[in-house]
Amino acid sequence: MKQKRPATLAAQALGWMDETTKALVPPVNVATTYIRDPDNLYRSGYSYGRPDNPGFRLAEAVLTALEGGRTCLMFSSGMAAAMAVFLALRPGDHVIAQRVMYWGLRNWLQSFGREWGLSIQFVDTSVNGAIAGAVRPGQTKLIWIETPANPTWCITDIAAAAGIAHRAGALLAIDSTAATPILTRPIELGADIVMHSATKYLNGHSDVLAGALVTAAEDEIWGRIVANRTNLGAILGPFEAWLLLRGMRTLSLRVERCCRSAQKIAEHFVDHPRVVAVLYPGLPNHSGHAVAGRQMRGGFGGMLSIRVRGGEEAAIATAARVQLWKRATSLGGVESLIEHRASIEGPGSPAGPDLLRLSVGIEDVEDLIDDLDQALASGN
Ligand SMILES: *Cc1c(COP(=O)(O)O)cnc(C)c1O
């Protein structure tokens, strides 16, 4: 049969059903231990709860199919997933990392990552030539990018980065949380490892903390990553795995809606007198628009930022006046969120003091625009 498309794969969780009961929905499997066969083997493939659980295996299979990868690991959080990659490297390894990235990971790399002995070089990978200028053939082991990248939504050319990485003998890993597998399939473009904070779009309902890694190959570093998850027990609990799979069934619907609304919101506010700039790759004046158009299909994502005229005070005051948008961190849920990023990211953040980050949910877009309009208009 022809390869099924993402909406189909996700909606039916690959067509899974329980062989005994014919149930369409998997049970929550809470066992932490499994019975050994009389001849001492574990034929079911399960032995203990720290390395494995049937609940997250199905979610992993769905994400593997959506990303077109070889296999996938679910983690207890996006950070746990990212950590598992960096801790699979060895002290002394050279790493190039996107400077504009999820702030929690940047902070970890700058502190614990360096103490662990990694030689980490931050560059803005969205700038042409930046990766090529930093790469050290034979020494660089990993290039870590995020695209679109928090919180300016700058775009890194995945295929170009993969080419540079592979010529230097390095791996390309990408935090694809904002793009989701609906919009971008980085492995097709040459990436080796795709990371998601599944807390965001994959789950979509702001009620599960989860992370994922999808790999293009089951190679030596992947073996070390698997061992890291098992040794740390950084797995997804059975209830969380069940909720995540339920959320993933509607991924394509939610992402389509979020993209359409984000594009409308970006276009509405781009010429607004109280807005200095709208940062959204779907706008033709965005520096990454052309590359994003090539590597994102069907939309430019549900995330954008606006820079409010009047600086920090005006930005925080605008966030205080919204009624519908929720003032909260995180992203990728069904409800729209607004956040003053500099307040949370602290010094060293690429978010200017006037920047508000918007995570567009699935509400009626006209309601979202009206609410932001009134919040901006009542400033003076
Ligand atoms: C939230 C987020 C993370 C961290 O994921 P957690 O699930 O919170 O650990 C990493 N990268 C991006 C882009 C994120 O938005």
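Just so it is clear, the structure is predicted and the values come from calculations on it, not from any experiment.

**Some thoughts on the overall build of the protein**
At step 1: Broken down by element type, the protein carries 14 helices and 12 strands.
At step 2: Taking 21 Å as the expected radius of gyration for a compact globule of 380 residues, we find that the protein reaches 21 Å, a close match to that expectation.
At step 3: Its C-alpha atoms give the protein principal-axis dimensions of roughly 80 × 50 × 40 Å.
At step 4: Counting only residues that meet the buried cut, the protein has 53% of its 380 residues in that class.
At step 5: Of the contacts made within the protein by residues no fewer than 6 positions apart, 71% connect residues no fewer than 24 positions apart.
At step 6: Approximately 16,000 Å² of the protein is accessible, and the part contributed by carbon and sulfur atoms is 55%.
At step 7: When the 36 positive and 36 negative side-chain charges of the protein are each reduced to one mean point, those points stand 4 Å apart.

**Describing the packing of aromatic side chains**
Any aromatic ring pair is given by two values, namely how distant the centres are and how the planes are angled relative to each other.
At step 1: Under the defined criterion, the tally for this structure stands at 3 aromatic pairs.
At step 2: Measuring from ring centre to ring centre gives 6.3 Å for phenylalanine 86 and tryptophan 108, while their planes differ by 45°; the resulting arrangement is tilted. In this pair, phenylalanine 86 is assigned in helix H3 (residues 78–86) and tryptophan 108 in helix H4 (residues 103–115), connecting sequence segments 22 residues apart.
At step 3: For phenylalanine 86, a relative accessible area of 0% gives the class buried.
At step 4: For tryptophan 108, a relative accessible area of 13% corresponds to the buried category.
At step 5: Clustering of aromatic rings is evident, with ring pairs tying together Phe86, Trp108 and Trp144.
At step 6: Here the guanidinium or amino end of arginine 229 rests over the ring plane of phenylalanine 75, the centre of that ring lying 5.9 Å away.

**Overview of the site of the ligand**
At step 1: Every one of the 14 residues lining the ligand counts as a neighbour, but Met79, Asp175, Ser197, Thr199 and Lys200 are closest to it.
At step 2: A distance of 2.6 Å is found between a nitrogen atom of the ligand and a side-chain nitrogen or oxygen belonging to aspartate 175.
At step 3: The separation between an oxygen atom of the ligand and a polar side-chain atom of serine 197 is 2.8 Å.
At step 4: If the ligand stood free it would expose 380 Å²; the protein chains cover 92% of that surface.
At step 5: Elements represented by at least two residues in the shell around the ligand include exactly H3 and strand E6 (193–197).
At step 6: Looking at the shell around the ligand residue by residue, the classes come out as 5 nonpolar, 6 polar and 3 charged.

**A few points about the sheet that holds strand E11 (residues 337–340)**
At step 1: Strand order in this open sheet of 5 strands is E8-E9-E12-E11-E10, and the pairing throughout is mixed. Of all strands in the sheet, those with a lone pairing partner are strand E8 (275–279) and strand E10 (326–327), marking the two edges.

**Focus on the sheet that holds strand E3 (residues 119–123)**
At step 1: Strand order in the open sheet formed by 7 strands is E1-E7-E6-E5-E4-E2-E3, with mixed pairing between adjacent strands. Whereas interior strands pair on both sides, the edge strands pair on one side only; in this sheet they are strand E1 (71–75) and E3. Strand-to-strand twist across the sheet, computed as the mean angle between neighbouring axes with direction ignored, equals 20°.
At step 2: Direction of pairing for E1 relative to strand E7 (residues 211–215): antiparallel, over a ladder of 5 bridges. Its bridge partner lying in E7, leucine 73 is registered against leucine 213.

**Regarding the confidence of the model for the protein**
Detailed reading of the predicted coordinates is not advisable wherever pLDDT falls low.
At step 1: Residues at a pLDDT of 70 or more form 99% of the protein, whose mean pLDDT is 96.
At step 2: Across the protein, the element-wise mean pLDDT spans from 91 in helix H13 (residues 341–345) up to 99 in E7.

**Quick look at the packing of helix H10 (residues 251–269) against helix H14 (residues 365–377)**
At step 1: Between H10 and H14, whose axes approach to 10 Å, the crossing angle comes to 30°. The chirality of how H10 crosses H14 is right-handed. Taking contact as the criterion, the partners of Ser261, Lys264, Ile265, His268 and Phe269 in H10 are, on H14, Val365, Glu366, Leu368, Ile369, Leu372, Asp373 and Leu376.
At step 2: Residue classes in the contact of H10 with H14 are distributed as 7 nonpolar, 2 polar and 3 charged.

**Quick notes on the pairing of strand E4 (residues 140–146)**
At step 1: Most of E4 is tucked away, with 6 of its 7 residues classed as buried.
At step 2: For strand E2 (residues 94–98) and E4, the ladder comprises 4 bridges, and the chain directions are parallel. In the strand pairing of E4, histidine 94 is matched with threonine 140.
At step 3: As paired elements, E4 and strand E5 (residues 171–175) share 5 bridges and run parallel to each other. Note on E5: the bridge partner recorded for glutamate 146 is aspartate 175.
At step 4: With helix H6 (residues 158–167) bridging E4 and its parallel neighbour E5, the resulting β-α-β unit is right-handed.

**Some details on H3**
At step 1: Taken across its 9 residues, H3 has 8 buried, putting it largely inside the fold.
At step 2: At the N-terminal end of H3, a side-chain oxygen is found 3.4 Å from the backbone nitrogen of methionine 79, two or three residues along, and the residue is serine 77.

Definitions and cut-offs
- Residues numbered from 1 in each chain as written.
- Predicted model: local features only at pLDDT ≥ 70, side-chain atom pairs only at ≥ 80, totals over all residues.
- Heavy atoms only, no water.
- Helix = DSSP H or I, 4+ residues; strand = E, 2+ residues; numbered from the N terminus.
- Rg over C-alpha atoms; globule rule 2.2 N^0.38 Å.
- Buried < 20%, exposed > 50% of the residue type's maximum accessible area, 1.4 Å probe, protein only.
- Contact = heavy atoms within 4.5 Å.
- Areas by Shrake-Rupley, 256 points an atom, 1.4 Å probe, with all protein chains shown as cover.
- Lys, Arg positive; Asp, Glu negative; His and termini not counted.
- Charge placed at Lys NZ, Arg CZ, Asp CG, Glu CD.
- Phe/Tyr/Trp six-rings, centres within 6.5 Å; stacked < 30°, edge-to-face > 60°.
- Lys NZ or Arg CZ within 6 Å of the ring centre and 35° of its normal.
- Near = heavy atom within 4 Å.
- Polar contact = N/O pair within 3.5 Å; in protein donor to acceptor, adjacent residues only side chain to side chain.
- Nonpolar A, V, L, I, M, F, W, Y, C, P; charged D, E, K, R; others polar.
- Pairing = 2+ DSSP bridges.
- Axes fitted to C-alpha atoms, helices over the stretch in contact; angles between N-to-C directions.
- pLDDT = per-residue confidence, 0-100.
- Left-handed = near helix turned anticlockwise from the far one by under 90°.
- Right-handed = clockwise from strand over helix to strand, strands pointing away.

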